[in-house]
Amino acid sequence: MTDAGQVLVLAGRFDPTCDLVVEELNRRAVPVFRADLAEFPLRLTLAASLSGNHWHGTLRNDRRTLDLASVRSVYYRRPTRPKFPTQMTAEARKVAETEARWGFGGLLSALPCRWLPPPGKAADAEYKPLQLRVAAAAGLRVPRTLITNDPEAARDFADSIGGPLVYKPFFHVRGTVHGHTAAVYASIVPPEDLPHPDIATTAHLFQEWVPKAYEVRLTVVDDRIFAAEIHAGSDAGRIDWRSDYDSHTYRICEPPDDVAAGVLRMLDQLGLPYGAFDFVISPAGDWHFLEVNPSGQYGFIEQATGLPITAAIGDYLEGSSQ
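The present account deals with the structure reproduced in this document.

What counts as what
Residues numbered from 1 in each chain as written. Predicted model: local features only at pLDDT ≥ 70, side-chain atom pairs only at ≥ 80, totals over all residues. Heavy atoms only, no water. Pairing = 2+ DSSP bridges. Helix = DSSP H or I, 4+ residues; strand = E, 2+ residues; numbered from the N terminus. Axes fitted to C-alpha atoms, helices over the stretch in contact; angles between N-to-C directions. Phe/Tyr/Trp six-rings, centres within 6.5 Å; stacked < 30°, edge-to-face > 60°. Buried < 20%, exposed > 50% of the residue type's maximum accessible area, 1.4 Å probe, protein only. Lys NZ or Arg CZ within 6 Å of the ring centre and 35° of its normal.

Re the sheet that holds strand β14 (residues 214-221)
- Strands sit in the order β16-β15-β14-β17-β18 across an open sheet of five strands; the sheet is antiparallel. On the outer flanks of this sheet lie β16 (249-253) and β18 (287-293), each paired with one strand and no other. Taking each pair of neighbouring strands and ignoring which way they run, the sheet shows an average axis angle of 25 degrees.
- With six bridges connecting them, strand β17 (residues 274-281) and β18 associate as antiparallel partners. Counted as the bridge partner of F277 is V292 from β18.

With respect to the packing of aromatic side chains
- What the rule picks out here adds up to eight aromatic pairs.
- With a centroid separation of 6.0 Å and an interplanar angle of 50 degrees, the aromatic rings of Y76 and W115 are classed as tilted. Here W115 lies in strand β7 (residues 114-116) and Y76 lies in strand β6 (residues 71-77), a separation of 39 residues in the sequence.
- Taken together, a centroid distance of 6.3 Å and an interplanar angle of 65 degrees make the contact between F277 and F289 edge-to-face. One end of the pair, F277, is in strand β17; the other, F289, is in strand β18, with twelve residues separating them in the sequence. This pair shows no difference in class: F277 is buried, exactly as F289 is.
- Every member of this aromatic cluster is reached through a ring pair, and the members are F277, F279, W287 and F289.
- Above the ring of Y316, the side-chain terminus of R114 is found at 4.2 Å from the ring centroid.

A word on unusual backbone geometry
- Omega for the bond connecting F40 with P41 falls within 30 degrees of zero, at 0 degrees, which places this linkage in the cis form.
- Along the polypeptide, P41 turns up in the loop between β2 (32-35) and β3 (45-51).
- The peptide bond linking L116 to P117 adopts the cis configuration, its omega dihedral lying at -15 degrees.
- Tracing the sequence through the fold places P117 in the loop between β7 and α3 (119-125).
- The backbone of A29 sits at a positive phi, close to 60 degrees, despite the residue not being glycine.
- Position of A29 among the secondary structure elements: in the loop between α1 (16-27) and β2.
- Classification of A29 by relative accessible area gives partly exposed; the value is 31%.
- Phi is positive for R78, close to 55 degrees, though the residue is something other than glycine.

If you want it as structure tokens, here you go:
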């Protein structure tokens, strides 16, 4: 049995990645209280008071009660938003959502424990322009990039590159089209398609296309690095591997020393203990940084390669990793 202290897991009800972590903590006999923010306030009750310089109280659902003072760490794994009574007016719901964010969310952030990842810093790190700047400052190779809503600027950028561009959304774009789930992935933009008037409608991110030998998903947990090559077997997967998981093969690899040092410097600058990095490896063997996800998926990499990423997360949340 481990020392006293519970891990608060905040995640959606159906989350296979989170399930891996909870199973690992159960194996270690680390007490876990799992909840989704969507349970608040209808099925999750909070009561806390300030005594001295600590908050004391409970978080309770229909299954268990959590003593807030016993929380040793928080695993924040993409919980869904609070849900309110359907009879509330839109105006009342807007106020309730704001109060839940600043009240309930603020209380959780005030707990004196380690987070994976820290929600505020993780939210900041989701900004791709910030990621790219910090990556370059950390010594990583970053593709030439343009952010614009000016079609002519996009054409000029394409002319300066002298080859195809890649368009990427700034954030996950997912939804339903004609009853089917759809997502926007990275796509190649031929230079002859520029300028395009739709560029003027919002901010767009364009990067030079880096020729690929393969890609790498590099996962860092508290300074421990796990890297795996991703070899895509389809045209769609070679442009954006997320679009065709079934075509992949994987192989464990070791990043070059300068890349390993760069990702650690980057996470230190962003204040994150965890990051799922994506790199393009050129035919010449150069590693080019694409992005880092502060709460990115790793289960598919562990399943394919056996890399002990879940165990490393368990060490961090249990407190045995410093």
